[in-house]
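# Notes for the structure review
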Amino acid sequence: MAGRAPIATKSSALIAMIADEDTVTGFLLAGVGNVDLRRKTNYLIVDSKTTVKAIEDAFKEFTTREDIAIVLISQYVANMIRFLVDSYNMAVPAILEIPSKDHPYDPAHDSVLSRVKYLFSAESVASGRR
C-alpha cells in the first residue's frame with residue numbers, strides 16, 4: 001500500500017459531523033461524539049441561524065485536526081460551502097456527503113462520486129476499454 005497517507009492513531013481516530021440537529025443527534029447517540037480537554041467538540045449542528053462562515057470554519061478545523069479520520073457532512077450543508085468541499089484533496093480525513101431527513105441525497109452534487117466517475121472514465125479511456 002505504498003503512497004497512501006497513514007492515519008495518525010495515538011489512541012484512536014474520530015469521526016466529525018457537520019449536519020442538522022436530527023442527524024448529529026443520531027450519530028451522537030451511536031457514540032460518535034467527543035469533547036476534548038479544551039471543550040472542543042467534533043461536531044457542528046447546522047440550523048437556520050448558523051452562518052456560512054461558521055460552517056466554513058468548522059470544515060477547515062475538522063479537516064486540519066490530526067485526530068479526525070472522517071468528516072461526515074450533510075449534502076445540503078456541503079452545497080453551502082461547495083467551493084471548499086470540491087477543492088479539498090487530501091485522503092485523510094475523508095469527506096463523505098450524507099443525506100438528511102429533510103434533504104434527500106443527490107448524486108449529481110456529490111464531489112467524491114464525481115471524482116470516482118472521472119477516474120474510472122479516464123482509466124477506461126487510457127486502457128482502450130469502454
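Residues numbered from 1 in each chain as written. Predicted model: local features only at pLDDT ≥ 70, side-chain atom pairs only at ≥ 80, totals over all residues. Heavy atoms only, no water.

The cut-off we apply is this: UniProt positions are given in the numbering used here, feature names are shortened, and annotations may be inferred rather than shown by experiment.
Named according to an unreviewed UniProt entry, the chain is V-type proton ATPase subunit F originating from Punica granatum. Taken from UniProt, the Function (unreviewed entry) comment for the chain reads in full: "Subunit of the V1 complex of vacuolar(H+)-ATPase (V-ATPase), a multisubunit enzyme composed of a peripheral complex (V1) that hydrolyzes ATP and a membrane integral complex (V0) that translocates protons. V-ATPase is responsible for acidifying and maintaining the pH of intracellular compartments." Among the UniProt annotations of the chain, the heading Subunit (unreviewed entry) holds the following wording: "V-ATPase is a heteromultimeric enzyme made up of two complexes: the ATP-hydrolytic V1 complex and the proton translocation V0 complex."

## Re the environment of Ala-78
Quick reminder of the rule: Per the convention used, a helix needs a DSSP run of H or I reaching at least four residues, while a strand needs a run of E reaching at least two, with both numbered from the N terminus. For every residue, the accessible area (1.4 Å probe, protein chains only) is compared with the maximum for its type, and the residue is labelled buried under 20%, exposed over 50%, or partly exposed between those bounds. The criterion used for residue contact is that any of the two residues' heavy atoms lie within 4.5 Å.
Residue position: Ala-78 is located in helix α3 (residues 75-80). Of the residues examined, Ala-78 reaches a relative accessible area of 0% and is grouped as buried. Separated by 20 residues in sequence, Ala-78 and Ile-98 have C-alpha atoms that sit 9.3 Å apart. Filtering out sequence-adjacent residues up to four positions away, Ala-78 remains in contact with Ile-73, Val-85 and Glu-97.

## Examining the pattern of salt bridges
Let me state the cut-off plainly: We count a salt bridge whenever a side-chain nitrogen from Lys or Arg sits within 4 Å of a carboxyl oxygen from Asp or Glu.
Enumeration according to the criterion identifies eight salt bridges in this entry. Its salt-bridge partner being Glu-61, residue Lys-40 comes within 3.6 Å of it at the nearest N-O pair. Placement of Lys-40 in the loop between α1 (21-29) and β2 (43-45) and of Glu-61 in helix α2 (residues 52-64) is noted, with a sequence separation of 21 residues between them. Among the residues examined, Lys-40 registers a relative accessible area of 36% and is labelled partly exposed. As a salt-bridge pair, Asp-86 and Arg-82 come within 3.6 Å of each other at their nearest N and O atoms. Residue Asp-86 and its partner Arg-82 are located together in helix α4 (residues 82-87), separated by four residues, close to a single helical turn. Under the relative-accessibility criterion, Arg-82 is labelled buried at 16%.

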